[in-house]
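Here are the chains, one letter per residue:
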Amino acid sequence: MIKGIYYSSSAMQYLDEKLDVIANNLANADTSGFKRSGVAFNQQLTAEQAKYRNQIDSSPLPEGTIKTYVENTQGPIKQTSNPFNFALDGTGYFTVQTPNGVAWTRDGAFTMNEEGYLTTLDGNYVMGDYGPIRAEGKKFSVSDQGDIIVDNIVVNKLLLQDFHKDSVVQKGGNLYFPKGDYMMFKDPDANIRQGYLESSNVSIVKEMIAMIAVNRQYQANDKAIKTQDDALGRAASQIAR
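Residues numbered from 1 in each chain as written. Predicted model: local features only at pLDDT ≥ 70, side-chain atom pairs only at ≥ 80, totals over all residues. Heavy atoms only, no water.

Observations concerning the overall build of the protein
Okay, so step 1: Along the backbone of the protein there are three helices and 19 strands.
Okay, so step 2: Across the 241 residues that make up the protein, the buried fraction comes to 35%.
Okay, so step 3: For the protein, the share of sequence-separated contacts (at least 6 apart) that also reach a separation of at least 24 residues comes to 64%. (Helix = DSSP H or I, 4+ residues; strand = E, 2+ residues; numbered from the N terminus. Buried < 20%, exposed > 50% of the residue type's maximum accessible area, 1.4 Å probe, protein only. Contact = heavy atoms within 4.5 Å.)

And the structure:
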């Protein structure tokens, strides 16, 4: 019975984490370039676990780990006709400079600050091959390959980068930051579409269905723990007699 309580409580911990992730996905369903997250429970089959299953000894199962992952599928691309909006059609990320260092994003909803530089809506500089991008001029456009053209002169190029997802961590502001000092980069293959934005890849219907399923599973495990706890209480009282 104690093992049953342990299993049910472990399941509830996993479901609690999953519910938080689903809630975050739903909260960002309308965030440009947002990539939904999922939760996986990883428990390796070790020698200790094999011994337990074969009843060689009574050692507990090795602890599993709850891991979140990012689903990097392409989101729908929608036209906005705003010259400072950009969508990436393919793999890769915009590079931005934040107060906490370099970061990357798929959210191409940019603007021009008072100094004439291209920035995110949070004020982070959008980076080009030659540093921050100056967008001030009578005519501003960006080619499919990222060339920044101001008054018919190429002045910079959007710095697109791609990387192995294990090298970064997703944080607030729809940004990805390096996990450590070492980054594993690879070549992006995205085309840039000016006047468009990539929508979130979150399906509200699927997330709502998942939320209902998680709530039902959580309630079932909670009921199982209460049932087993009552049984333990009765067993303890009988032993006392």
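So, next bit.
A few points about the layout of surface pockets
Okay, so step 1: What the largest pocket holds in volume is close to 450 Å³.
Okay, so step 2: Looking at the largest pocket, it is lined by 21 residues, and the ones nearest its centre are Ser-37, Thr-68, Val-70, Val-169 and Gln-170.
Okay, so step 3: Broken down by secondary-structure element, the contributors of at least two residues to the lining of the largest pocket are helix 1 (2–27), strand 2 (65–70) and strand 15 (168–171).
Okay, so step 4: Split into classes, the residues belonging to the lining of the largest pocket amount to seven nonpolar, ten polar and four charged. (1 Å grid on protein atoms, 1.4 Å probe; cavity = no way out; pocket = protein on both sides within 12 Å on 5 of 7 lines; lining within 4 Å. Points joined across faces, edges and corners; volume = space filled by probe spheres on them. Nonpolar A, V, L, I, M, F, W, Y, C, P; charged D, E, K, R; others polar.)

Looking at the nonpolar core
Okay, so step 1: Ranked by size, the top nonpolar core spans 21 residues in total, and within it Phe-86, Phe-140 and Leu-158 carry the most contacts.
Okay, so step 2: If you list the elements that add at least two residues to this core, you get strand 4 (86–89), strand 5 (93–98), strand 11 (140–142), strand 12 (147–150) and strand 16 (175–178).
Okay, so step 3: Setting aside residues no more than four positions away along its own chain, Phe-86 makes contact with Phe-94, Gly-108, Phe-110, Leu-118, Phe-140, Val-142, Ile-192, Arg-193, Gln-194, Tyr-196 and Leu-197. (Core = buried A, V, L, I, M, F, W, Y, C linked by side-chain atoms within 4.5 Å.)

Comments concerning the packing of aromatic side chains
The description of an aromatic ring pair rests on the distance of the ring centres and on the angle between the ring planes.
Okay, so step 1: Applying the stated criterion across every chain, the model contains eight aromatic pairs.
Okay, so step 2: Relative to Phe-163, the ring of Trp-104 lies with its centre 5.1 Å away and its plane at 55°, an arrangement referred to as tilted. One end of the pair, Trp-104, is in strand 6 (residues 101–105); the other, Phe-163, is in strand 14 (residues 160–163), and 59 residues separate them in sequence.
Okay, so step 3: In this structure Phe-163 comes out as buried when scored by relative accessible area, which is 0%. (Phe/Tyr/Trp six-rings, centres within 6.5 Å; stacked < 30°, edge-to-face > 60°.)

Concerning the side chain of Glu-207
Okay, so step 1: In this fold, Glu-207 is placed in helix 3 (residues 204–240).
Okay, so step 2: Glu-207 gets classed as buried once you look at its relative accessible area, which sits at 3%.
Okay, so step 3: If sequence neighbours within four positions are ignored, Glu-207 has contacts with Ile-22, Asn-25, Leu-26, Arg-36 and Val-202.

Side note on the pattern of salt bridges
Okay, so step 1: With the rule as written, the count across this model stands at five salt bridges.
Okay, so step 2: A salt bridge links Lys-35 to Glu-198; the shortest N-O distance between them is 2.5 Å. On the criterion of sequence distance, the pair formed by Lys-35 in the loop between helix 1 and strand 1 (37–42) and Glu-198 in strand 19 (residues 196–198) is long-range, its members being 163 residues apart.
Okay, so step 3: Relative accessible area serves as the criterion here: at 1%, Glu-198 is assigned to the buried category.
Okay, so step 4: Close ionic contact of Glu-198 with Arg-106 constitutes a salt bridge, the shortest N to O distance being 3.0 Å. Of the two residues, Glu-198 sits in strand 19 while Arg-106 sits in the loop between strand 6 and strand 7 (110–112), which places them 92 residues apart along the sequence.
Okay, so step 5: Residue classification places Arg-106 among the buried positions, given a relative accessible area of 5%.
Okay, so step 6: Each of Lys-35, Arg-106 and Glu-198 takes part in a single network of salt bridges with overlapping partners. (Salt bridge = Lys/Arg side-chain N within 4 Å of Asp/Glu carboxyl O.)

A few points about the side chain of Ser-32
Okay, so step 1: As for its placement among the helices and strands, Ser-32 is situated in the loop between helix 1 and strand 1.
Okay, so step 2: Excluding its chain neighbours within four sequence positions, the residues that come into contact with Ser-32 are Asp-107, Asn-174, Leu-197 and Glu-198.

Observations concerning the sheet that holds strand 12
Okay, so step 1: On the basis of which strands lie adjacent, the open sheet formed by three strands has the order 11-12-13 and antiparallel pairing. Sheet topology places strand 11 and strand 13 (153–157) at the edges, where each strand pairs with a single neighbour. The mean inter-strand angle of the sheet, taken between neighbouring strand axes irrespective of direction, is 30°.
Okay, so step 2: With four bridges connecting them, strand 12 and strand 13 associate as antiparallel partners. In the strand pairing of strand 13, Ile-148 is matched with Asn-156. (Pairing = 2+ DSSP bridges. Axes fitted to C-alpha atoms, helices over the stretch in contact; angles between N-to-C directions.)

Overview of the environment of Asn-100
Okay, so step 1: With respect to the helices and strands, Asn-100 occurs in the loop between strand 5 and strand 6.
Okay, so step 2: Separated by 77 residues in the primary sequence, Asn-100 and Phe-177 have C-alpha atoms spaced 8.9 Å apart.

A word on the pairing of strand 16
Okay, so step 1: Pairing analysis gives four bridges linking strand 15 to strand 16, with the strands arranged antiparallel. Across the sheet, Gln-170 pairs through a bridge with Tyr-176, a residue of strand 16.
Okay, so step 2: Between strand 15 and strand 16, which pair antiparallel in sequence order, lie three residues; one of them, Gly-173, sits at a positive phi of approximately 75°.

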